[in-house]
Each structure stands twice: as structure tokens, then as C-alpha cells.
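Architecture and fold: a report
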Amino acid sequence: MEPFIKNEDIQTIRAFSDQSAEKGKLTPALLQLIYSNNWFNLYVPRELSGLGLNLPEAVILLEQLAEADASLGWTVTLCAGANWFVGFLPEETRSAFFTGHSTCLSGSGLPGGIAEVTQEGYRVNGYWKYATGAPHATAFTANCYIKNNGDYVKDENGAPVVRSFIFKPEEVTTEADWHTMGMKATASHSFRVQQVYVPAARSFIIDATQSLLPDPVFYFPFLPFAEATLAANFSGMALHWLQCFEERFRQKSEETCTPVQKQIVSNTVRRAEKAFKDARVSFFDTINAVWNEGAGRKQWNQAGLDTLSRLSHHLVVTAFNSVQQLYPYCGLEAATKDTVLNRIWLDIHTARQHSLFRYSQATHS
């Protein structure tokens, strides 16, 4: 798999990982690295000053970023995923909010607000958790239930209508409440809006039928898009952890392990790495096949999307399990604060609590 990231960039990312975790947000040096590489604009078309990557290209890059550092990879994934909304925004809104390489949308996918219909827009109140990248966001996005004259607006099936909204930073109040054991530098804080008037042009619907740009990536269904891009993060974290484990155990085995102990660990490593490799190959082969099958007509076969979803979940579980199986053989270093092995272990356990994957089970790939 061709590297998207330069070695010197990986070195810079890892040089500032500890400082970012300590500060609870990405350092200025890491943000500048993201801006200079335009990583927040992975999917934004080139004519709008983005990278214009397709989905298979993006997941390769996201895996490599997460392998360099979990928090940075996760932040780019979530913020670039929010910047993907550029494809659903009217031109006037697009021009106002997408102003350069530092453009970074942060937000939440859960409907945590109410938007009351007004004459020319909406009056919004709401509270949302887990807005990754909140300290450096240039705008916030959130989902709201719609009310008109005090009643919830319903769709043809009787379900409450949900629309997405984009807010200026000054319309939002953030709450620094991200206090998890891992993924600290993602700074995934809560935010709220109170009695904010939002013009209709800053409301949008995330659906292929509502895409306003021609690029195929804006027609790909959102759920498998989110599953695949986050699965790439778990894969990257596991790759980094396995690399560190092998380096540490090689040293430890020479110092203290008996031949029998070495064989036990060797067998466990072989099983864990094979399962992880198989899951990873199946995932990347499938995302390429699924993308190529539907990109030309901007429409994807549901069976292929279902397979990609299943393999995304399988990759997450297998990556997580590979770390779990080998953790007992690390010794106290992996349980010691501020070691790389410990930080990655905390990161991947924190990420595993994401609602998309909390109940995922291993499957046969």
C-alpha cells in the first residue's frame, strides 16, 4: 500500500503526541502540519481548494494518520468527515464557510436540538456532545428535530424530520468536558446553542438525493462512509501498537523470557497478526471493489454496502482483539502512564466506546 504521508511528517506527529495528550488538544505544530497538507479537506473538490480524494484513497490516508498517532488520525477523520458536508451546502453557504486549508467543521451526528421554523429560517436551541476538534473548529454542525408552530414536523412515515445545521463559532458555546482516559488530544467537547437564528441557507440534508456537487463521494451513503473511515482508524492504531509490541518484546525476550515463554508469545502473535491481516485485506479489497462498482453511476449496490459495513465492524473488532491478546505479555510498561504502549492501549479502548462500534462482534470475513 503506497504511503500517503512523508516520513518526516510521521516523525513530527509522534514528536508532539505526548504534548498534545498533556494539553488535551492538538498542538499548534500539529495543526499547522494538518493545514499544510490540507488533510481537513480530504473530500473537498480540487476546484474548491481541497484534495478531492475518493473514499478508498481517503481510508488509506486515515489509517496511516492513525498509525502515526491515534488522536491526530481520529481528529482528521471526524473533521474531514464534517467538511464532507460541503457537498450538501448551497453555494452561498459553501463560499462563506470554506475559506482555506484551515477550514475545520466540528460537530455531532445525534439530533440534540430543536429548530423552530421562522419566516426566513430557523430558531435553534440545543446541546450536543463529542464535537471532535472543538478548540480549532471554524464552524460547528449539528442535527435538530424540526418544529413548526410548536408541533414536530413529520415525514411521510410519521417519523420526526431531522435536518442538519451549520453554526458560526460565535453562535456556539463550548464546554471543556472531554475527560477520557485516552484520545485526549481529540478535544471532543460538548457545545450548545441558545436562541440562535439560522437562515434557511445554513440548513441542509445529508442524503445522496440532496448532493449539490457532482463528485461521486458525495453520493456515497453516510453510514457506511462513517463506518469505513473510523474502521481505518482502529486498523492504524493496532498497526502502531503491534509495531511497538514487537520492538519491546524482542528486547524483553532476550532479557528475561524462557524458551517456553517465547514460544507461547510467538504462537499468540502469529494467530493475532494473521486474523488482523486477513480482516484488513478483506476490508481494503472490498472498499475498492464496492467503490469501483458504483462510482461511475454514483449509486451503489446494497449488497456491496452491507458487505462493506460488516467488514468494517469485523476489522474494528479484530484490530481491538489483536491488541487485547498481546497486552498481557508486555509487562508493566504497557500499564505505565506516558509510555507509547500504554497511550495506544488507552486510545483504542476509548475509541471502542464509539456508538457505531460499541456492540460490534467479530464475523467471518
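Higher on the page you've got the structure.
Scope of this entry: the structure provided in the associated data block. (Residues numbered from 1 in each chain as written. Predicted model: local features only at pLDDT ≥ 70, side-chain atom pairs only at ≥ 80, totals over all residues. Heavy atoms only, no water.)

Remarks on the overall build of the chain
Under the convention used in this document: Helix and strand definitions follow DSSP, with helices as H or I runs of at least four residues and strands as E runs of at least two, each counted in order from the N terminus. Our radius of gyration looks at C-alpha atoms and nothing else; its globule reference is 2.2 Å times the residue count to the power 0.38. Whether a residue is buried, partly exposed or exposed follows from its accessible area with a 1.4 Å probe, protein chains only, as a fraction of its type maximum: under 20%, in between, or over 50%, in that order. Whether two residues are in contact is decided by their heavy atoms: any pair within 4.5 Å suffices. Each accessible area value is a Shrake-Rupley result obtained with a 1.4 Å probe; residue values ignore everything except the protein chains displayed when judging cover. Neither His nor the chain ends contribute to the count of charged residues, in which Lys and Arg are positive and Asp and Glu negative. In this description, the location of a charge corresponds to atom NZ of lysine, CZ of arginine, CG of aspartate or CD of glutamate.
On a plain count of helices and strands, the chain comes out with 10 helices and eight strands. For the chain, whose C-alpha radius of gyration is 21 Å, the value lies close to the compact-globule estimate of 21 Å for 365 residues. Referenced to the eigenvectors of the C-alpha coordinate spread, the extents of the chain come out at roughly 75 × 45 × 40 Å. Residues classed as buried in the chain amount to 52% of the 365 residues present. Expressed as a percentage of contacts within the chain between residues at least 6 apart in sequence, the contacts between residues at least 24 apart total 75%. Approximately 16,700 Å² of the chain is accessible, and the part contributed by carbon and sulfur atoms is 50%. Side-chain charges in the chain split into 31 positive and 36 negative, and the spacing between the mean points of these groups amounts to 4 Å.

What to know about the packing of helix α4 (residues 55-68) against helix α8 (residues 259-294)
Just so we agree on the cut-off: Lines are fitted to the C-alpha atoms to define the axes, a helix being fitted only along its stretch in contact, and any angle between axes, read from their N-to-C directions, falls within 0 to 180 degrees. Here the word oblique covers every angle except those under 35 degrees (roughly parallel), over 145 (roughly antiparallel) and from 65 to 115 (roughly perpendicular).
Running from N to C, α4 and α8 point in directions that differ by 150°, and their axes come no closer than 9 Å. Between α4 and α8, the angle is such that the two are roughly antiparallel. Residues Leu55, Pro56, Val59, Ile60 and Glu63 of α4 touch α8, and the partners they reach there are Arg280, Phe284, Ile287, Asn288 and Trp291.

Things to note about the packing of aromatic side chains
Each aromatic ring pair is specified by the distance between its two centres and by the angle formed by the two planes. In plain terms, the rule: Pairing of aromatic side chains here covers Phe, Tyr and the six-membered ring of Trp, requires ring centres within 6.5 Å, and sorts the geometry by plane angle: under 30 degrees stacked, over 60 edge-to-face, intermediate tilted. Counted as over-ring charges are cases with an Arg CZ or a Lys NZ within 6 Å of the ring centre that also lie within 35 degrees of the ring normal.
For the structure shown, the criterion picks out 24 aromatic pairs. Between Phe220 and Trp300 the ring centres are 4.9 Å apart and the planes differ by 75°, which places this aromatic pair in the edge-to-face class. With a gap of 80 residues between them, Phe220 in the loop between β8 (203-204) and α7 (222-255) and Trp300 in the loop between α8 and α9 (302-326) connect regions that are remote in the sequence. Of the two residues, Phe220 and Trp300, both sit in the buried class. With 6.4 Å between their ring centres and 25° between their planes, Phe222 and Phe225 make a pair best called stacked. Of this pair, Phe222 and Phe225 both sit in helix α7, separated by three residues, roughly a single helical turn. On the basis of relative accessible area, Phe225 is assigned to the buried category, the value being 2%. Just above the ring of Tyr152 sits the side chain of Lys147; from NZ or CZ to the centre is 4.7 Å. Positioned above the aromatic ring of Phe320, the side-chain terminus of Arg352 is 5.2 Å from the ring centre.

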